[in-house]
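This is what each chain is made of:
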Amino acid sequence: MTNLPKVKYLTNKDLLKEIHRSKNTYCTYTDKAYSDYDLIIPSLEKINIRTIAEAKRNRASRLAKLAHEAAQIASGKKQSAKDFEIDYKKIQKTDLVFRVISFEHVPLAPGRKKTLKNTADSHEKVNFPPFQHWKFDDKGNLSCVGKSHWKGPLDTGHFSKDHGQMTDNLARMFLKLCERYATRGNVRGYTYNDEMRGQAILQLTQIGLQFDESKSDNPFAYYTAAVTNSFVRIINIEKRNQNIRDDILEMNGMNPSWSRQNSGPAPAAASIGTITTPED
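Residues numbered from 1 in each chain as written. Predicted model: local features only at pLDDT ≥ 70, side-chain atom pairs only at ≥ 80, totals over all residues. Heavy atoms only, no water.

Bringing the overall build of the protein into the picture now. In terms of helices and strands, the protein carries 6 helices and 7 strands. When the elements of the protein are put in sequence order from the N terminus, they spell out α-β-β-α-β-β-β-β-β-α-α-α-α. Taken over the C-alpha trace, the protein has a radius of gyration of 25 Å; the compact-globule value for 280 residues is 19 Å, which it surpasses by more than 25%. With the principal axes as the frame, the protein shows a C-alpha extent of 85 × 65 × 30 Å. The proportion of buried residues among the 280 residues of the protein is 37%. Residue pairs in contact within the protein that sit at least 24 positions apart in sequence constitute 66% of those at least 6 positions apart. By element, 51% of the accessible surface of the protein is carried by carbon and sulfur atoms, the whole surface being about 17600 Å². (Helix = DSSP H or I, 4+ residues; strand = E, 2+ residues; numbered from the N terminus. Rg over C-alpha atoms; globule rule 2.2 N^0.38 Å. Buried < 20%, exposed > 50% of the residue type's maximum accessible area, 1.4 Å probe, protein only. Contact = heavy atoms within 4.5 Å. Areas by Shrake-Rupley, 256 points an atom, 1.4 Å probe, with all protein chains shown as cover.)

Right, let's talk about the packing of helix α1 (residues 12-24) against helix α5 (residues 219-251) for a bit. It is at 8 Å that the axes of α1 and α5 come closest, and there the two elements cross at 85°. Looking at the two axes, α1 sits roughly perpendicular to α5. Facing N12, L15, L16 and I19 of α1, the residues of α5 in contact are P219, F220 and Y223. Its residues placed into classes, the contact of α1 with α5 shows 6 nonpolar, 1 polar and no charged. (Axes fitted to C-alpha atoms, helices over the stretch in contact; angles between N-to-C directions. Parallel < 35°, antiparallel > 145°, perpendicular 65-115°, else oblique. Nonpolar A, V, L, I, M, F, W, Y, C, P; charged D, E, K, R; others polar.)

In this structure, the largest pocket spans a volume of roughly 1300 Å³. Listed by contribution, the elements that provide at least two residues to the lining of the largest pocket are α1, β2 (39-41) and α2 (49-75). With 10 residues, the single largest contributor to the lining of the largest pocket is α2. Looking at side-chain class alone, the lining of the largest pocket contains 8 nonpolar, 7 polar and 13 charged residues. (1 Å grid on protein atoms, 1.4 Å probe; cavity = no way out; pocket = protein on both sides within 12 Å on 5 of 7 lines; lining within 4 Å. Points joined across faces, edges and corners; volume = space filled by probe spheres on them.)

Turning to the environment of T167, a few remarks are in order. With respect to the helices and strands, T167 occurs in the loop between β7 (158-159) and α3 (168-182). What makes T167 buried here is its relative accessible area of 11%. Each C-alpha atom, one on T167 and one on H20, is 9.7 Å from the other, the two residues being 147 residues apart in sequence. Not counting chain neighbours up to four residues away, the residues in contact with T167 comprise E18, R21 and S22. A polar atom in the side chain of T167 sits 3.3 Å from the backbone nitrogen of L170. (Polar contact = N/O pair within 3.5 Å; in protein donor to acceptor, adjacent residues only side chain to side chain.)

It is worth spelling out the sheet that holds strand β5 (residues 142-148) at this point. An order of β1-β5-β4-β3-β2 is seen for the 5 strands of this open sheet, with the pairing classed as mixed. The strands lining the two open edges of the sheet, one partner per strand, are β1 (27-29) and β2. Sheet twist, expressed as the average angle between the axes of neighbouring strands with direction ignored, equals 30°. Summarising the sheet, strand β4 (residues 131-136) and β5 pair through 5 bridges and their orientation is antiparallel. Looking at β5, one finds that Q132 is bridged to K147. The sheet strands contacting α2 are β2, β3 (98-101) and β4, and the helix crosses β2 at an angle near 145°. (Pairing = 2+ DSSP bridges.)

Turning our eyes to something else, we now look at the nonpolar core. As a rule of thumb, nonpolar side chains are buried together in soluble globular proteins. With 30 residues, the main nonpolar core has L170, M196, L204, Y223, V227 and F231 as its most contacted residues. Looking at this core, the elements that each hand over two or more residues are α1, β1, α3, α4 (193-207) and α5. Residues in contact with Y223, not counting those within four places in the same chain, are L15, I19, F174, L177, L204, I207, G208 and F211. Of all hydrophobic cores here, the second largest spans 12 residues; its members include I41, A55, I91 and V100. (Core = buried A, V, L, I, M, F, W, Y, C linked by side-chain atoms within 4.5 Å.)

Moving on to empty space enclosed by the protein. The final tally for this structure, using the stated rule, is 1 cavity of 30 Å³ or more. In this structure, the largest cavity occupies an estimated 70 Å³ of space.

Under the counting rule described, the total for this entry stands at 8 aromatic pairs. Site record: aromatic cluster; members linked through ring pairs are F174, F211, Y222 and Y223. Across from the ring centre of F131, 3.7 Å away, lies the NZ or CZ of R99, which sits over that ring. Here the guanidinium or amino end of K147 rests over the ring plane of W150, the centre of that ring lying 4.3 Å away. (Phe/Tyr/Trp six-rings, centres within 6.5 Å; stacked < 30°, edge-to-face > 60°. Lys NZ or Arg CZ within 6 Å of the ring centre and 35° of its normal.)

Purely geometric numbers; function is a separate question.
Written out as structure tokens, the structure reads:
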């Protein structure tokens, strides 16, 4: 029997690529080449010798991987990645692009929230953390070369949070993730499986671009946790409704559902597992 190669239906690499492309639809750059960043930092003050060296390593690694993939596609054969390694010390400082998390270009929204817990609460609500791209010019000075949630030129444009969109590929990935999860043995037997899958898709469309690349490079785990919580939420709602229905039937001297008759007392809410819930 011939062993078929294992096919991965979703990879973190593909997810990260589509997340990056989706966020770029909400951004404006002085040059398209500046849309790719080398390091994410919380503020401009964090740009120093250490972070510059880290950005150079990241850029050298990214360029080496791109060259390796392009060579393999062109030749159709596997090639050693070591042949395409780039010495990060040869990377010029002026080639680096820093992504700085910033709310400076996001308008204030007084009264949006009564209790301000962080900087985001005092600004307009956006679908992912806003940022700016900065790089060194020939004189060694930092200049802004890109902004998220921005429409038009950097100097004469304006803030906008609804002109971009999620890429078609990322949407298909969300659909595939929910479809595959719905076939798991512990959830596929429920009659309301479609409702659980629909709730999961809705949740992914809301939090899909909130994934923070600076904290993790594993969006698959982030999205899977969101899908799990959506399925558990629907199961608990349906279980609660079933318990109320059975209580009404018993109060009127009628037979409740077979689940109540077999289990005796009203069962507790269902749970698939303890998963950290992403922010809605």
